[in-house]
Amino acid sequence: MHTGGAAVGDRGYFYAPTVVFGLHQNDAVIQQETFGPVITVQRFTDEDEALRWANDIEYGLASSVFNRDHARAMRTSRRIDFGCVWINTHMPIVAEMPHGGFKHSGYGKDLSMYGLQDYTRIKHFMSNFEDQLRVDRPQPLIPVGPGAQAVPSLW
């Protein structure tokens with residue numbers, strides 16, 4: 001541990017911001033979803049190893065990619081199996097963007113229009129009005145497209 005890791009105050013469950021390094025891929029703090037002001041640091045040999053390690057966990061809520069080369073950051077972000085990837089920042093959450101994880105980090109999305117889908121049931125209706133066609137009065141004709149012939153309205 002580089003810094004932090006201690007409780008703050010005598011009430012609640014508050015911890016000082018914590019940086020943990022010198023970790024291995026199978027360490028619990030890497031493999032589990034750790035919430036709180038905690039960041040883990042791992043050394044890697046190349047981009048492929050970093051991506052393999054990032055994706056080699058059961059969770060995928062959110063991640064951040066920091067890099068001066070924006071094209072490289074975008075390329076690696078596409079390969080990360082996380083529901084939210086921030087580039088050169090961490091945790092800017094806005095209502096217009098969907099937020100939610102992949103894998104064991106939950107189902108669905110919060111925020112944005114995508115967040116409403118889980119609360120929506122879509123129903124499809126089709127009806128045959130053939131028996132209700134009114135023949136007691138002349139039917140208006142409605143064209144159905146360019147060059148098409150008009151068809152009688154059902155109303």
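Below or above, wherever it landed, is the structure these notes cover. On a predicted model such as this, the values are computed, not experimentally measured, just so you know. (Residues numbered from 1 in each chain as written. Predicted model: local features only at pLDDT ≥ 70, side-chain atom pairs only at ≥ 80, totals over all residues. Heavy atoms only, no water.)

1. So, the pairing of strand β5 (residues 84-87)
And then number 1: Side chains of β5 alternate between two faces, with C84 and W86 buried and V85 and I87 left unburied.
And then number 2: Inspection of the sheet shows strand β4 (residues 62-65) paired to β5 by four bridges, in the parallel sense. Paired with A62 across the two strands is C84, which belongs to β5. (Buried < 20%, exposed > 50% of the residue type's maximum accessible area, 1.4 Å probe, protein only. Helix = DSSP H or I, 4+ residues; strand = E, 2+ residues; numbered from the N terminus. Pairing = 2+ DSSP bridges.)

2. Describing the layout of surface pockets
And then number 1: The calculated volume of the largest pocket comes to roughly 1,600 Å³.
And then number 2: If you list the elements that add at least two residues to the lining of the largest pocket, you get β1 (18-20), α1 (28-31), β2 (38-40), α2 (47-55), β3 (59-60), β4 and α3 (70-79).
And then number 3: At five residues, α2 tops the list of elements feeding residues into the lining of the largest pocket.
And then number 4: Among the residues forming the lining of the largest pocket, the class breakdown is 25 nonpolar, 13 polar and three charged.
And then number 5: Of the pockets and cavities examined, the second largest pocket occupies roughly 150 Å³.
And then number 6: Taken together, G83, C84, V85, W86, P92, I93, V94, M97, P98 and H99 make up the full set of residues lining the second largest pocket. (1 Å grid on protein atoms, 1.4 Å probe; cavity = no way out; pocket = protein on both sides within 12 Å on 5 of 7 lines; lining within 4 Å. Points joined across faces, edges and corners; volume = space filled by probe spheres on them. Nonpolar A, V, L, I, M, F, W, Y, C, P; charged D, E, K, R; others polar.)

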